[in-house]
Amino acid sequence: MNATAPIACDVKDMALAESGKRRIEWAAQSMPVLATIRKQFIKTQPLAGMRVAACLHVTTETANLMITLRDGGASIALCASNPLSTQDDVAAALVREYGIATFAIKGESNDVYYSHLNSALDSAPQITMDDGADVVTLLHTKRKDLLPKVIGGTEETTTGVIRLRAMAKEGILGYPIVAVNDALTKHLFDNRYGTGQSTLDGIIRATNVLLAGLNVVVAGYGWCGRGVAMRARGMGANVIVTEIDPTKAIEAIMDGFRVMTMHEAAPIGDVFVTVTGNKNVIARDHFEKLKSGAILSNSGHFNCEIDLETLGSMASSRREARPFVEEFAIRDGRKVYVLGEGRLINLAAAEGHPASVMDMSFANQALSAEFMVKNHATLEKKVYSVPEELDKQVAKMKLESMGVQIDRLTPEQEEYLASWSEGT
Ligand SMILES: NC(=O)c1ccc[n+]([C@@H]2O[C@H](COP(=O)([O-])OP(=O)(O)OC[C@H]3O[C@@H](n4cnc5c(N)ncnc54)[C@H](O)[C@@H]3O)[C@@H](O)[C@H]2O)c1
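Parameters at a glance
Residues numbered from 1 in each chain as written. Predicted model: local features only at pLDDT ≥ 70, side-chain atom pairs only at ≥ 80, totals over all residues. Heavy atoms only, no water. Helix = DSSP H or I, 4+ residues; strand = E, 2+ residues; numbered from the N terminus. Rg over C-alpha atoms; globule rule 2.2 N^0.38 Å. Buried < 20%, exposed > 50% of the residue type's maximum accessible area, 1.4 Å probe, protein only. Contact = heavy atoms within 4.5 Å. Areas by Shrake-Rupley, 256 points an atom, 1.4 Å probe, with all protein chains shown as cover. Lys, Arg positive; Asp, Glu negative; His and termini not counted. Charge placed at Lys NZ, Arg CZ, Asp CG, Glu CD. Pairing = 2+ DSSP bridges. Axes fitted to C-alpha atoms, helices over the stretch in contact; angles between N-to-C directions. Core = buried A, V, L, I, M, F, W, Y, C linked by side-chain atoms within 4.5 Å. Salt bridge = Lys/Arg side-chain N within 4 Å of Asp/Glu carboxyl O.

A. Local environment of the overall build of the chain. On a plain count of helices and strands, the chain comes out with 17 helices and 16 strands. Computed over the C-alpha atoms, the radius of gyration of the chain is 22 Å, within 12% of the 22 Å expected from 2.2 N^0.38 for a compact globule of 424 residues. The buried share of the chain, reckoned over its 424 residues, is 55%. Contacts spanning at least 24 positions in sequence make up 72% of the contacts within the chain whose residues lie at least 6 apart. In the form shown here, the chain has an accessible surface area of approximately 18800 Å², with 53% of it arising from carbon and sulfur atoms. Taken as two groups, the 44 positive and 51 negative side-chain charges of the chain have centres that lie 3 Å from each other.

Right, here's the structure in full:
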C-alpha cells in the first residue's frame, strides 16, 4: 500500500523503503503462525479503533507484527526499543509501503531515542507493546497525563518483565500488562534458540573470529545463556559458564560446561558474552585480569552488563577497530575489544532473531493484545502470564505449519492420568 495521507515518522532514509519491503516479505515466509493470525484479524478486527504504541526492535519480524496489528484494526506508532537495533530499510518501508508511523534510526543518540519514545506516546495509546519496559516507565514518570487512557499492555522480554513486576509490587503499575516472555512458546525458543544463534551471528559478523578452539565465557545460564553456550560449543569453542544461581550452575556442569567465577574466567577467556539482565557483571577487577585481545560482548537487554565507564577510564586511547568493534588500549599495554557499544550484539551487528522463532513470540504478542482488549475491564493493575490456552494454541499452529502430527491421549489414558487410585 502506498499511503496517501502523510504518516508521522522519523526514519533515516525513505529511499531504503523498497529494499526494506523485500526483506519484510522474506521474513513473512517464515512466519506462518502470524500469517494465520493476520487472516483471522482481517475478518474479526479485534483491535478496531485501538491506538497502539509499540516499542520494539525495528526489524523485519517486528514489521510483520505491526502489519498484523494494523490489519486487525489498530492504528500504530512504533519506536525502537534500543538505539542500535533498528534496521533503517525496515523503518522506511513501514512508513512508505505500509502506512505505519515509525520513529527509529539506527545509531540514534540517547536523547533521540527518548524523543522517539515520546513521539510514539504522543499518539495517546490505549495499548502499549514494550520490549524492556522503557515506554511503560516513561508513561509512569514524565508522561503520567497519558496513563488514564491506557487500558493494557504487553511486554516482550525478561528484563522488562522484571521491571514491571517491581512496579506492580510497589503498587504503582497503572494498568494490566501481559508478560509475553513468560509464554513457553516465547522463551523456550526465542530466548534460547533465537538468542543462541543470533548472538554468535552478531559476534562473528562484527569480528570474523574463528570460534573453534577459543575459550568463550558465557555469563548467565538462563534461557538466553543456555542457547549461547550450546551454539558456541557447536562452533567448536570451549565454553565456560559463570552464574550466581547454584541450581543453574549445576545444570551447566551437567550440560558439560566448565563453571567458575568471573574472576577465574577473566584471565583465560577469549570471547565473553553477558546474558544476565544484571549490571556490572564484567567490571574493574575482571578488566584488570583480561588477556590482551579479549573480546567483550553483551546480549542482555541493557548496555550495563559490562562496566564500560570504568573500562573507558582504564584506557589511554580508544578507536574503532572495525564496525561494531571498539579497541580500548589499556595503560599497561593490553588491548581489549568491546562489541556494539555493549548493546545487544545480535541486534547491533546482526539482524536479531530469525523470523521462524519470532513467529511464535509475535503470535503471542498479537493474541495477547487481542486478549487485553477483550478482558481489560476485569483485569487488575498487575502483570499477567499469557493464558495457557493461547500459549498452547501458538504451539499447535506452529506444529501444523511444520506439517508435524503428534499423538493424542486416548480416553483410557486421560482417565489414567486423572486418577490417583490407579498405580499399576
Ligand atoms: N539478545 C536478545 O535478543 C535477547 C532476547 C531475549 C532476552 N534478552 C535479554 O537477555 C537477558 C537474559 O534473559 P533470560 O531470559 O536468559 O533471563 P534468565 O532470568 O532466564 O537468565 C538470567 C541468568 O543470569 C544469571 N545471573 C544474574 N546475575 C548474574 C551474574 N552477576 N553473573 C552470572 N550470572 C548471573 C541468573 O541467575 C539467571 O540464571 C535479559 O536482559 C533479557 O531481557 C535478550
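We are not done yet, so read on.
B. Seen up close, the sheet that holds strand E4 (residues 101–103). Spatially, the eight strands line up as an open sheet ordered E1-E4-E3-E2-E5-E6-E7-E16, and their pairing is parallel. Looking at the sheet topology across the chains shown, the edges are occupied by strand E1 (9–10) and strand E16 (383–385). Where strand E3 (residues 75–79) meets E4, three bridges bridge the pair, whose relative direction is parallel. Opposite Ala 77, over in E4, you have Ala 101 as the bridge partner. Across the sheet, helix H7 (residues 158–169) lies against strand E6 (152–155), strand E7 (177–179) and E16, angled at about 130° from E16, the strand it touches most. Running at roughly 160° to E6, helix H15 (residues 355–375) makes contact with strand E5 (127–130), E6 and E7 of the sheet.

C. Just the nonpolar core, in detail. Of all hydrophobic cores here, the largest spans 56 residues; its most connected members are Leu 65, Met 66, Leu 69, Leu 94 and Met 129. Sort the elements by how many residues they give to this core and H15 lands first, with 12 residues. When near neighbours in sequence (up to four residues on either side) are disregarded, Leu 69 contacts Leu 47, Ala 74, Ile 76, Met 129 and Ala 366.

D. Seen up close, the pattern of salt bridges. Scanning the model with the defined rule gives 22 salt bridges in all. Measuring nitrogen to oxygen at the nearest pair gives 2.8 Å for the salt bridge that ties Arg 163 to Asp 134. Placement of Arg 163 in helix H7 and of Asp 134 in helix H6 (residues 134–140) is noted, with a sequence separation of 29 residues between them. Classification of Asp 134 as buried rests on a relative accessible area of 5%. For Glu 326, the salt bridge identified is with Arg 318, shortest N-O distance 2.9 Å. Here Arg 318 falls in the partly exposed class, since its relative accessible area comes to 46%. Look at the salt bridges and you will find they share partners, linking Arg 23, Asp 89, Asp 201, Arg 205 and Glu 351 into a network.

E. How the structure looks around unusual backbone geometry. The residue Gln 45 is not glycine, and still its phi comes out positive at about 50°. Looking at where Gln 45 falls in the secondary structure, it is placed in the loop between helix H2 (32–44) and strand E2 (51–55). By relative accessible area, Gln 45 is classed as partly exposed at 32%. Of note, the phi angle at Phe 324 is positive, near 70°, even though the residue is not glycine. Tracing the backbone shows Phe 324 in the loop between strand E13 (315–322) and strand E14 (325–330).

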